[in-house]
Amino acid sequence: MEILKTKSEMNNWSKNKKKESKTICLVPTMGYLHKGHISLVEKGKPLCDELVLSIFVNPAQFGPNEDLNSYPSNIKNDLALAQKAGVTAVFLPEKGNIYPENFQTKVALQHLPGFLCGKFRPVHFAGVATVVTKLFNIVMPDIAVFGQKDYQQLQIIRQLTLDLDFNINIVAGDIIREKDGLAMSSRNTYLSGPQRVSALSLSKSLNLARELIAGGETNPYTIKNRLERLIRSFAETNIEYICFCDPQTLEDMEKIDRQVLLAMAVNVGKTRLIDNALINPSQ
Ligand code: PAF
């Protein structure tokens with residue numbers, strides 16, 4: 001496994017692979033890898049010749065009061081996991097290499113960031129879109145894999161790829177959960193023992209919504225009330241949003257009469273957790 005520390009090293013590596021007619025898949029991450037990230041690698045590997053995993057904690061996607069400075073990191077462990085998973089190259093740039101002094105450009109979408117997490121994290125998606133655009137230009141992948149846990153991010157990347165004419169196939173990776181249902185996230189490491197129990201309120205409320213919808217409930221407001229009560233019954237929870245929305249446009253749905261995206265963000269103590277499910281009323 002090669003470790004490429006600058007964008008020119010990375011770009012030259014990709015150009016050489018392309019000369020050899022090799023296809024490249026990119027799995028972008030911010031490190032502190034867990035099974036969720038590894039599942040993205042496993043999804044991408046059979047689709048390409050070379051698998052590039054990038055590790056870069058992107059300062060542009062953190063708001064002023066967010067956890068940039070405490071974001072967990074363990075590069076040694078990340079490299080061991082990447083190697084074991086069969087990654088061909090790790091792109092591990094420094095901040096100054098990605099954002100040199102006098103960096104001025106922002107990639108921002110007009111509509112999709114106005115929903116869900118974007119309402120509460122106003123700088124987040126422009127930061128994501130900017131760094132992903134740069135990663136696409138540097139790595140030049142044929143395929144890129146993004147997890148569905150960040151569903152809004154995935155939709156934004158799909159739109160960006162279309163809008164900016166990237167010839168890249170965007171592949172979605174499933175949400176990977178702990179045995180008890182908690183969606184895997186690098187931020188789970190912030191949770192204390194009791195908070196870890198409260199964190200289950202998200203997956204439990206997704207299950208409750210599935211049951212209510214399967215039982216014929218079509219009113220999102222009625223379901224939302226039930227979910228709010230369930231989540232609030234767990235200690236230290238503070239709901240940021242619960243939305244029933246159209247899986248493509250992310251606009252609110254007034255009636256659940258077709259596939260719906262149920263997405264939520266809940267603070268457990270100081271840790272902000274997100275989760276979602278695509279729910280089909282006919283199932
Ligand atoms: O999903 C993430 O880890 C990040 O948002 C990404 C896509 C690596 C961009 O920094």
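In every chain, residue numbers begin from 1 and rise along the written sequence. The predicted origin of the model limits local features to residues at a pLDDT of at least 70 and limits the giving and counting of side-chain atom pairs to 80 or more, whereas totals for whole chains, interfaces and linings rest on all residues. Remark: hydrogens and water are excluded; side-chain values derive from all non-hydrogen atoms of the structure.

### Quick look at empty space enclosed by the protein
Two kinds of site are reported from a 1 Å grid over the protein atoms alone, namely cavities, where a 1.4 Å probe fits but cannot get out, and pockets, open sets with protein on both sides within 12 Å along at least five of seven lines, and residues are called lining when an atom falls within 4 Å of a point. Grid points are joined across faces, edges and corners, and a volume is the space filled by probe spheres set on the points. Applying the stated rule across the entire model yields 1 cavity of 30 Å³ or more. Forming the boundary of the largest cavity are Lys 149, Leu 182, Ala 183, Ser 185, Asn 188, Ala 199, Leu 202, Leu 273, Ile 274 and Asp 275. Numbering goes from the N terminus for both helices and strands, where a helix is a DSSP run of H or I of at least four residues and a strand is a run of E of at least two. Broken down by element, the lining of the largest cavity gets its largest block of residues, 3 residues, from strand β9 (residues 271–279).

### Some points on the packing of helix α1 (residues 7–19) against helix α6 (residues 124–139)
Orientation of α1 relative to α6, taken along the N-to-C sense of each, is 50°, at an axis distance of 7 Å. Comparing the axis directions of α1 and α6 gives the class oblique. Contact with α1, carried on its side by Lys 7, Met 10, Asn 11 and Ser 14, involves Lys 134, Asn 137, Ile 138 and Val 139 of α6 and no other residues of that element. Class assignment of the residues belonging to the contact of α1 with α6 gives a composition of 3 nonpolar, 3 polar and 2 charged. Convention adopted: a line fitted to C-alpha atoms gives each axis, helices being fitted over their contacting stretch, and angles between N-to-C directions are expressed from 0 to 180 degrees. Each angle receives one of four descriptions, namely roughly parallel if under 35 degrees, roughly antiparallel if over 145, roughly perpendicular if within 65 to 115, and oblique otherwise. Whether two residues touch is decided by their heavy atoms; if any such pair falls within 4.5 Å, the residues are in contact. The nonpolar class holds Ala, Val, Leu, Ile, Met, Phe, Trp, Tyr, Cys and Pro. Asp, Glu, Lys and Arg form the charged class, and all remaining residues, Gly among them, are polar.

### A closer look at helix α10 (residues 220–232)
Take the number of residues in a helix, subtract one, and multiply by 1.5 Å to get its expected span. Spanning 13 residues, α10 covers 18 Å between terminal C-alpha atoms, matching the ideal 18 Å at 1.5 Å per step. Listed as buried for α10 are Pro 220, Ile 223, Leu 227, Glu 228 and Ile 231. Buried residues of α10, viewed axially, fall in a sector of 140°; they line one side. Of the residues in α10, the exposed ones pointing more than 90 degrees away from the buried face are Arg 229 and Arg 232. Using a 1.4 Å probe on the protein chains alone, a residue whose accessible area is under 20% of its type maximum counts as buried, one over 50% counts as exposed, and one in between counts as partly exposed. This arc describes the spread of directions from the helix axis toward the C-beta atoms.

### Description of the site of the ligand
Nearness is defined per residue: one heavy atom within 4 Å of the molecule or strand is enough. The local shell around the ligand consists of Pro 28, Thr 29, Met 30, Asn 58, Gln 61, Val 128, Val 131, Phe 146 and Gln 153. As used in this structure description, the phrase polar contact means that two N or O atoms lie within 3.5 Å; if the pair is within protein, one of them must be able to donate a hydrogen and the other to accept it, and residues adjacent in sequence are counted only when both atoms belong to side chains. Gln 61 is positioned with one of its side-chain polar atoms (N or O) 2.6 Å from an oxygen atom of the ligand. Within the side chain of Gln 153, an N or O atom sits 2.7 Å from an oxygen atom of the ligand. Those elements giving two or more residues to the shell around the ligand turn out to be β2 (24–29) and α6. Taken together, the residues that form the shell around the ligand break down as 5 nonpolar, 4 polar and no charged.

### Some remarks on the sheet that holds strand β6 (residues 169–173)
Strand pairing requires that DSSP identify at least two bridges connecting the strands. With parallel pairing, the 6 strands of this open sheet are ordered in space as β1-β4-β3-β2-β5-β6. Edge positions in the open sheet fall to β1 (2–4) and β6, since each of these has one partner strand only. Taken over all neighbouring pairs, the strand axes of this sheet differ in orientation by 25° on average, direction set aside. On top of the sheet, helix α2 (residues 35–44) reaches β2, β3 (50–55), β5 (143–147) and β6; it is set at about 150° to β5, its chief contact. In the packing of α6 onto the sheet, the strands contacted are β2, β3, β4 (89–91), β5 and β6, and the crossing angle to β2 comes to about 150°.

### Some remarks on the pairing of β2
The buried fraction of β2 is high, at 6 of 6 residues. Two strands pair when backbone bridges link them, and β2 and β3 are joined in this way by 6 bridges, in the parallel orientation. Across the sheet, the residue bridging to Ile 24 is Glu 50, located in β3. Look down the strands so they point away from you; if going from the first strand over the helix to the second traces a clockwise path, that crossover is right-handed. Considered for its hand, the β-α-β crossover made up of β2, α2 and β3 is right-handed.

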